[in-house]
Amino acid sequence: MCELFGVCSVRPLEINEYLKEFYSHSDRNPDGWGMAVLDGTEASTEKEPLRADRSVYLRERISVPVRERIVLAHIRRASIGSISYRNCHPFSGKDCSGRRWTLIHNGTIFDYPPLNRLFYCQEGGTDSERIFLFLLERVNQAIQAAGPPDAPERFRILNETVCEMAPGNRLNLLIYDGECLYVHTNYANSLYHLQKKGQAIFSTQPLSRENWEPVAMTTLLAYKDGELLFRGTDHGAEYIDNNEDTKYLYQIYSEL
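Residues numbered from 1 in each chain as written. Predicted model: local features only at pLDDT ≥ 70, side-chain atom pairs only at ≥ 80, totals over all residues. Heavy atoms only, no water.

Draft legend 1. Spatial organisation of the packing of aromatic side chains. Evaluated as defined, the whole model comprises 13 aromatic pairs. When the centroid spacing of 6.2 Å and the interplanar angle of 85 degrees are considered together, the rings of tyrosine 18 and tryptophan 212 count as edge-to-face. Of this pair, tyrosine 18 sits in helix α1 (residues 16–23) while tryptophan 212 is found in the loop between β10 (199–203) and β11 (213–214), placing the two residues 194 residues apart along the sequence. One aromatic cluster is present, formed by Phe5, Phe22, Tyr23, Trp33 and Tyr57 through successive ring pairs. Here the basic side chain of lysine 47 rests over the ring of tyrosine 85, its NZ or CZ set 5.4 Å away from the ring centre. Over the ring of phenylalanine 91 we find lysine 47, and its NZ or CZ is 5.2 Å from the ring centre. (Phe/Tyr/Trp six-rings, centres within 6.5 Å; stacked < 30°, edge-to-face > 60°. Helix = DSSP H or I, 4+ residues; strand = E, 2+ residues; numbered from the N terminus. Lys NZ or Arg CZ within 6 Å of the ring centre and 35° of its normal.)

The structure is reproduced here in structure tokens:
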């Protein structure tokens, strides 16, 4: 599985040690790395279809202080989609009101037919990009119907979408909309949370000896300035590994 890392802080936070530990896991996730530094509608996104610990650029990038408020980072183990730049996370783009959305995903969509038609719209081949395009489509529909949604309405849209998409699928998500960081997991022991005053840090695995705790399961959460803002519906659709899905992933991965 891929790994996710995210930071939501009220003030700039130096995160080099967390990033170094996170990217050191690339021996198990060798198919690409990415990082996005986010600020409202602005996004600085860097990624390569290269094992992170073999990237000269990344080594230099995190050798100097990285002090930021909102950061998303990803290391990829390809399951759906070839090993290429266009399939590396994060995925980022603006809705029709100009609001920027940025997404990283860990997991696999095994069965959610509404995503299928987006295969012909995406630049790459990942189900993660299709999730991103589907989410942006839902937001644009809301904008066209009633104008740009405020924070509670955006959360409602995401909550409904995640509740629809989660059953039967492995869906770990970190999404930033320029104001809130949305967090979701439905796969046990695959996303952890470190909370300090005005700081919320998320990672697939604990990255230090600090007091990391598992993220609440099967419930969309939204954070702003490092604190929990909204809690969504507990949809109860925990993903459990099964032989049929494992065989499917093995077949797909062997063809990359």
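Draft legend 2. Structural detail: the pattern of salt bridges. What the rule picks out here adds up to 15 salt bridges. One salt bridge in this structure joins glutamate 3 and arginine 28, with 3.8 Å as the shortest N-O distance. With glutamate 3 in strand β1 (residues 3–14) and arginine 28 in the loop between α1 and β2 (33–39), the pair connects residues that are 25 residues apart, well separated along the chain. On the basis of relative accessible area, glutamate 3 is assigned to the buried category, the value being 4%. Between lysine 224 and glutamate 179 there is a salt bridge, and its shortest N-O distance comes to 3.0 Å. Remark: glutamate 179 occurs in the loop between β7 (170–176) and β8 (181–184) and lysine 224 occurs in strand β12 (residues 219–224); sequence separation between them is 45 residues. (Salt bridge = Lys/Arg side-chain N within 4 Å of Asp/Glu carboxyl O. Buried < 20%, exposed > 50% of the residue type's maximum accessible area, 1.4 Å probe, protein only.)

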